[in-house]
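In case you want the letters, here they are:
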Amino acid sequence: GIVANAGPITGADAQKGGHFVQLCDNRDIPIIFLQNSDGKTSELSSDPVVLKERAKFIQCLSVVRVPKVTLNMTGAFGDENYTMCGPSFQPRFYLMWPGARMHPSDPAIVQAAAIEAESAARAAAELAAKQPPPQTADAKKKKPPRKPLSQFKFEAGSAPWAASRGVCDEMIDPVKTRHVLARAVQISMLNHVPLRDTRGQHRSVIRM
């Protein structure tokens, strides 16, 4: 089964997604999640009805027993990291395109925090430039700055940043997406134990 989003997840989308993952769980079908969000601020993030439906979707997703594979194509922001099976829901494979991004907060909040931090750093630098440095004996014995642990600096939330910290399993070439997803599902099903109980047979899911 494939679950994909194109922008913010509405209440109807969350309800349909919850029903779909339950059907896949009942029929022992692996699920592929395609995260595709533009990161634009939406009024749906504060709508209580939408938040309630998203919470139901997350609850359905948290009890799914079939293998899950997630591909971050463009980005995942805010609670999309949970509704679309982010790293915290332990998918068998979490893959990202090179230009994909991930942020645990709303893009507007992240941008406002970045602007505030930049302005604070600029003010501190201006204040330090106005004050003359103290002339002490210890200034001559000042140790040289430490070398950075890595020569690469990745922007927080980018695909290289996530790969360097083990958040995602691999950055893949978009051209090879179909082959990589097929291989990931195949590997996941090799280690998957088929459901032997009757839990799904007595829990019907009706999608109108």
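Structure's up top.
Since we're looking at a predicted model, the values are computed, not measured.

Reading guide: rules and limits
Residues numbered from 1 in each chain as written. Predicted model: local features only at pLDDT ≥ 70, side-chain atom pairs only at ≥ 80, totals over all residues. Heavy atoms only, no water. Buried < 20%, exposed > 50% of the residue type's maximum accessible area, 1.4 Å probe, protein only. Helix = DSSP H or I, 4+ residues; strand = E, 2+ residues; numbered from the N terminus. Pairing = 2+ DSSP bridges. Axes fitted to C-alpha atoms, helices over the stretch in contact; angles between N-to-C directions. Parallel < 35°, antiparallel > 145°, perpendicular 65-115°, else oblique. Left-handed = near helix turned anticlockwise from the far one by under 90°. Contact = heavy atoms within 4.5 Å. Nonpolar A, V, L, I, M, F, W, Y, C, P; charged D, E, K, R; others polar. Expected span 1.5 Å × (residues − 1). Arc of directions from axis to C-beta. Core = buried A, V, L, I, M, F, W, Y, C linked by side-chain atoms within 4.5 Å. Salt bridge = Lys/Arg side-chain N within 4 Å of Asp/Glu carboxyl O.

> Before we go on, may I ask you to explain the pairing of strand β3 (residues 68–77) in this structure?
Side-chain direction in a regular strand flips from residue to residue, so the side chains alternate between the two faces of the sheet. Taken across its 10 residues, β3 has 9 buried, putting it largely inside the fold. Note that strand β2 (residues 31–36) and β3 share 6 bridges and pair parallel. Counted as the bridge partner of isoleucine 32 is valine 69 from β3. Here β3 pairs with strand β4 (residues 93–96) via 4 bridges, running parallel. The residue of β4 that forms the bridge with valine 69 is phenylalanine 93. Where β3 meets strand β5 (residues 101–103), 3 bridges bridge the pair, whose relative direction is parallel. From the neighbouring strand, alanine 76 faces β5, where its bridge partner is methionine 102.

> Would you explain the packing of helix α1 (residues 11–26) against helix α2 (residues 48–62) in this entry?
The geometry of a pair of packed helices is captured by two quantities: the angle between their axes and the separation between those axes. Relative to each other, α1 and α2 sit at 15 degrees, their axes nearing to 8 Å. Regarding the angle of α1 to α2, the classification is roughly parallel. Viewed along their axes, α1 and α2 form a crossing whose handedness is left-handed. Residues Gly11, Ala14, Gln15, Gly17, Gly18, Val21 and Gln22 of α1 pack against Val50, Glu53, Arg54, Phe57, Cys60 and Leu61 of α2. By residue class, the composition of the contact of α1 with α2 is 6 nonpolar, 5 polar and 2 charged.

> Help me out: how do you make sense of helix α6 (residues 177–190) in this one?
The α-helix winds at 3.6 residues per turn, so residues separated by three or four positions along the chain end up facing the same way. With 14 residues, α6 extends 20 Å between its outermost C-alpha atoms, agreeing within 8% with the 20 Å of an ideal straight helix rising 1.5 Å per residue. The complete set of buried residues in α6 reads Thr177, Val180, Leu181, Ala184, Val185 and Ser188. Down the axis of α6, the sector holding all buried residues measures 130 degrees, keeping them to one side. Set apart from the buried face of α6 by more than 90 degrees, the exposed residues are Arg178, His179 and Leu190. Buried residues along α6 sit in contact with β2, β3 and β4.

> Is there a simple way to explain the pairing of β4 in this structure?
Here β4 pairs with strand β6 (residues 170–171) via 2 bridges, running parallel. Considered in β6, the bridge of leucine 95 is made with glutamate 170.

> How should I be thinking about the nonpolar core in this particular structure?
In globular proteins that are soluble, nonpolar side chains generally tend to be buried together. By size, the foremost hydrophobic cluster in this structure holds 15 residues, and its most contacted members are Val3, Val21, Ile31 and Phe33. Those elements that place two or more of their residues in this core are α1, β2 and α2.

> What should I look at first to understand the side chain of threonine 83 in this one?
Positionally, threonine 83 belongs in helix α3 (residues 80–83). Excluding its chain neighbours within four sequence positions, the residues that come into contact with threonine 83 are Ile9, Phe33, Arg54, Phe57, Ile58 and Leu61.

> Got a minute to help me understand the pattern of salt bridges in this structure?
Between side chains of opposite charge, pairing is possible as soon as their charged atoms come close. Tallied over the entire structure, the rule returns 3 salt bridges. Between glutamate 53 and lysine 56 there is a salt bridge, with the nearest N and O atoms lying 3.7 Å from each other. Within this pair, glutamate 53 and its partner lysine 56 are both found in helix α2, separated by 3 residues, close to a single helical turn. On the accessibility criterion, glutamate 53 (15% relative accessible area) is buried.

> What's the story with α1 in this structure? I'm lost.
Along its 16 residues, α1 runs 23 Å from first to last C-alpha, staying within 8% of the 22 Å computed at 1.5 Å per residue. Every buried residue of α1 is listed here: Gly11, Ala14, Gly17, Gly18, Val21, Cys24 and Asp25. Take α1 and look down its axis: the buried residues cluster within an arc of 150 degrees, on one side only. Along α1, the residues that are exposed and aim more than 90 degrees away from the buried face are Ala12 and Lys16. On its buried face, α1 is in contact with β1 (2–4), β2 and α2.

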